[in-house]
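# Observations on the three-dimensional arrangement
Each chain is listed here by its residues.
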Amino acid sequence: MDKFIIRGGHPLSGDVHISGAKNAVLPIMAATLITPGHFILRNVPDLRDTRTMRKLLEIIGAKVEFSNGVMKIDTTTCNNPVAPYEVVKTMRASFDVLGPLASRFRYAKVSLPGGCAWGPRPVDLHLKAMKALGTEVTLEEGYIVVKGAARGADINFEISSVGATKNALMAAVKAKGKTVIQNAACEPEISALIDFLTALGADITGQDSTRLCITGVQELRNELDFTIIPDRIEAGTFLITNLLLGGEIRLHAVNPGHLSIVLNKLQEAGSELEISGNSILAKSGAGIRPVNITTAPYPGFPTDLQAQWMALMSRATGDSIIIDEIYRDRFTHVAELNRLGAKIKLEQNVAIVEGVSQLAGAPVMSTDIRASASLIIAALAATGVTEVSRIYHIDRGYEKIETKLKNIGADIERVST
Ligand code: UD1
């Protein structure tokens, strides 16, 4: 298992190229299953998760080639509408194939994902959507089995769910009649999926709103060349790191429009930001001001940057409060950050962060993708040496993280043990 050895205390300087968004490419890869065809996806990040989704598509029968960020997917040969437990247990987003397989084969057998490091993470809303669309949904030996043709329906989600919105959309594009999704998630990654489906010939209105209207079409195109949007979470992580460490970096290939609330919070905390087209120049100011955040569905503060924000606030010049309203148990990083000298108290889903003047290196352990990122950036700000173990989590969601950090002056080494 690999680990990172990090020697903290180096300010950042230089350029960072932001990769394609993990959370956009995974459902789009799944969406290629809806119709037999040949697809080219560009700006695809080389991540453990994109490799896992590739493996899943291949199990289902697709042919996939990937090099230099270009993924070619041939779904004409798919014949096995099954997502096995061995794959789904390693990546929840495998559940994205449920809607596409049900749409194409009128049958899908997808393993239930089970829990994750920060709580139960149910899929009841996904299943509610599939049932509303008229398919038969059963649980058989740990697998969700969906049978029958979907038909247009009204779906009203009681809470905003990215995953359930994706599956409902993908199951509905070829369903006979009209489907209305109320309280749909409107994250940029949903919008990107809608762009992909629309380019394929789907009839969807209400993009970027919480009410989506899908009129089922009989046929979709059988080829498409599509470019994946930039990863707003990777971009946010680098901007937070820069403010924490001090320095000046420029992000390239980023969509600042997807980061509005994060950029506002960074400026409140002391970052100087200059936005020009798809690049952001970030300069750190004098010190880090304490700034509270509460995570919320887009356009609110993303839960996927909560842990990184906590690392930043651990060095602020005062106390701050961080509340996660999306994943109320997503705080496994708290104890690890405290090992590095942070002073964070947790009361249910509320973290009270007392800013400290110094963090100090220690051995710490990654528990999930974003928690790993928070530990790495805290370690980069700490005195001495930090060993971050179980970094396979970070490899799931950040492309070439240590190369990108080294390029801007960080002292970080990957060691295989
Ligand atoms: C996606 C992202 C993840 C991000 C999350 C919230 C991907 C691959 N993952 O996860 O990085 O942190 O959105 O922005 O894109 N819920 C239910 N029942 C369901 C589904 C969800 O109660 O059937 C709840 C969840 O427990 C959570 C909330 O809804 O409290 C939002 O979850 P959801 O938006 O579905 O997250 P994911 O799609 O799993």
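All of these numbers come straight from a predicted model, not from anything done at the bench. Per chain, residues are indexed from 1 in the order of the written sequence. Reporting in this predicted model follows two pLDDT cut-offs: at least 70 for local features of residues, and 80 or more for side-chain atom pairs to be given and counted; totals over whole chains, interfaces and linings ignore these cut-offs and use all residues. Heavy atoms from the whole structure form the basis of all side-chain values; hydrogens and water molecules are not counted.

### With respect to the site of the ligand
Around the ligand, the surrounding shell holds 19 residues, and the nearest of these are Asp124, Ser161, Val162, Asp304 and Ile326. In protein, a polar contact requires one atom able to donate a hydrogen and another able to accept it; more generally it is a pair of N or O atoms within 3.5 Å, and residues adjacent in sequence count only if both atoms are side-chain atoms. In this structure, an oxygen atom belonging to the ligand sits 2.7 Å away from a side-chain N or O atom of Ser161. A distance of 2.7 Å separates an oxygen atom of the ligand from a polar backbone atom of Val162. Contact with the protein chains hides 84% of the accessible area of the ligand, taken as 740 Å² for the molecule alone. Numbering of helices and strands runs from the N terminus, with a helix taken as a DSSP run of H or I at least four residues long and a strand as a DSSP run of E at least two residues long. Listed by contribution, the elements that provide at least two residues to the shell around the ligand are α5 (124-132) and α6 (162-172). Considering only residue class, the shell around the ligand consists of eight nonpolar, six polar and five charged. Each domain's limits were defined by an automated method or a database of domain assignments. When residues of the shell around the ligand are assigned to domains, at least three map to each of domain 1 (2-19 + 230-416) and domain 2 (22-227). Distances are taken per atom, and a residue is near a molecule or strand as soon as one of its heavy atoms is within 4 Å of it. In this description, accessible areas are obtained by the Shrake-Rupley approach with a 1.4 Å probe, and a residue is regarded as covered only by the protein chains that are shown. Nonpolar residues are Ala, Val, Leu, Ile, Met, Phe, Trp, Tyr, Cys and Pro. Charged residues are Asp, Glu, Lys and Arg, and all others, Gly as well, are polar.

### Brief notes about the sheet that holds strand β20 (residues 343-347)
Working definition: the strands of a sheet are paired by backbone hydrogen bonds and lie parallel or antiparallel to each other. Criterion used throughout: strands pair if DSSP finds at least two bridges between them. Spatially, four strands are ordered β18-β19-β21-β20 in an open sheet, and the strand pairing comes out mixed. On the outer flanks of this sheet lie β18 (293-294) and β20, each paired with one strand and no other. As paired strands, β20 and strand β21 (residues 350-354) are joined by five bridges and run antiparallel to one another. Residue Ile344 lies in a different strand from β21, and its bridge partner there is Val353. Its contacts with the sheet place helix α10 (residues 306-313) against β18, β19 (319-323), β20 and β21, and it is angled at close to 170° to β19. We call two residues in contact whenever any of their non-hydrogen atoms come within 4.5 Å of each other. In this analysis an axis means a line fitted to C-alpha atoms, helices contributing only their contacting stretch, and an angle means the value between N-to-C directions, from 0 to 180 degrees.

### Quick notes on the pairing of strand β16 (residues 271-276)
Pairing geometry for β16 and strand β17 (residues 279-284), over six bridges, is antiparallel. Bridge pairing links Ser276 to Ser279 in β17. Where β16 folds back onto β17 in an antiparallel hairpin, the turn is made up of two residues, including Gly277, whose phi is positive at roughly 60°.

### Concerning the sheet that holds strand β22 (residues 363-365)
Ordered by their spatial adjacency, four strands build an open sheet running β22-β23-β1-β24, and the pairing between neighbours is mixed. Here the strands that pair on one side only, and so sit at the sheet edges, are β22 and β24 (411-416). Averaged over all pairs of adjacent strands, the angle between strand axes in this sheet comes to 25°, irrespective of strand direction. Pairing geometry for strand β1 (residues 2-7) and strand β23 (residues 385-389), over four bridges, is antiparallel. Across the sheet, Ile6 pairs through a bridge with Thr386, a residue of β23. Strand contacts of helix α12 (residues 369-381): β1, β22, β23 and β24, with the helix running at about 30° to β1, the strand carrying the most contacts.

### Quick word on the nonpolar core
By size, the foremost hydrophobic cluster in this structure holds 73 residues, and its most contacted members are Leu41, Ile73, Val97, Leu98, Leu169, Phe196 and Leu197. Top element by residues in this core is helix α1 (residues 22-31). It accounts for seven residues. With near-sequence residues (within four places) excluded, Leu197 lies in contact with Ala31, Ile34, Leu169, Met170, Val173, Ala202 and Ile204. Grouped together as the second largest cluster of nonpolar side chains are 67 residues, Val291, Leu340, Ile391 and Ile412 included. The term nonpolar core refers to a set of buried residues drawn from Ala, Val, Leu, Ile, Met, Phe, Trp, Tyr and Cys, joined through side-chain atoms within 4.5 Å. Throughout, exposure labels follow a simple rule: accessible area from a 1.4 Å probe, protein chains only, divided by the maximum for the residue type, with under 20% read as buried, over 50% as exposed, and the rest as partly exposed.

### Section: the side chain of Asp395
Tracing the sequence through the fold places Asp395 in helix α13 (residues 392-397). Only 2.8 Å separates the side chain of Asp395 from the side chain of Arg414, close enough to count as a polar contact. If sequence neighbours within four positions are ignored, Asp395 has contacts with Leu47, Arg48 and Arg414.

### Focus: the domain arrangement of the protein chain
Here the domain parsing of the protein chain yields domain 1 (2-19 + 230-416) and domain 2 (22-227). Regarding the contact of domain 1 and domain 2, the summed buried area is about 1,800 Å², with carbon and sulfur atoms giving 53% of it. Basic side-chain nitrogens of Lys or Arg form a salt bridge, by our definition, when they fall within 4 Å of a carboxyl oxygen of Asp or Glu. Inspection of the domain 1/domain 2 interface yields two salt bridges. With a shortest N-O distance of 2.8 Å, Glu189 and Arg232 are connected by a salt bridge. Across the domain 1-domain 2 interface, the total number found is six residue pairs in polar contact (both at pLDDT 80 or more). Those elements that place two or more of their residues in the side of domain 1 that touches domain 2 are α12 and α13. As used here, buried area is the combined drop in accessible area, with a 1.4 Å probe, of two parts when they are placed together.

### Observations regarding the packing of α6 against helix α7 (residues 188-199)
Across the interface, α6 lies against α7 with an axial gap of 10 Å and an inter-helix angle of 10°. The angle between α6 and α7 places the two elements in the roughly parallel class. Side by side, α6 and α7 meet where Val162, Thr165, Lys166, Leu169 and Met170 of the first sit next to Ile190, Leu193, Ile194 and Leu197 of the second. Grouping the constituent residues of the contact of α6 with α7 by class yields seven nonpolar, one polar and one charged. Here is the rule for angles: anything less than 35 degrees is roughly parallel, anything more than 145 is roughly antiparallel, 65 through 115 is roughly perpendicular, and the remaining ranges are oblique.

### Digging into the packing of aromatic side chains
Stacked, tilted and edge-to-face are the three classes assigned to paired rings of Phe, Tyr and Trp, where Trp is represented by its six-membered ring and a pair needs centres within 6.5 Å; plane angles under 30 degrees give stacked, over 60 edge-to-face, the rest tilted. For the structure on display, the rule yields three aromatic pairs. When the ring of Phe39 is compared with that of Phe196, the centres are 6.1 Å apart and the planes differ by 40°; the resulting orientation is tilted. Within this pair, whereas Phe39 is found in strand β3 (residues 38-42), its partner Phe196 is found in helix α7, the two being separated by 157 residues in sequence. Relative to Trp309, the ring of Phe301 lies with its centre 5.6 Å away and its plane at 70°, an arrangement referred to as edge-to-face. Of the two residues examined, Phe301 and Trp309, each falls in the buried class. Clustering of aromatic rings is evident, with ring pairs tying together Phe39, Phe196 and Phe226. In this arrangement the basic side chain of Lys109 is found over the ring face of Tyr143, its NZ or CZ atom lying 5.0 Å from the centre. The criterion for a charge sitting over a ring is simple: Lys NZ or Arg CZ within 6 Å of the ring centre, and within 35 degrees of the ring normal.

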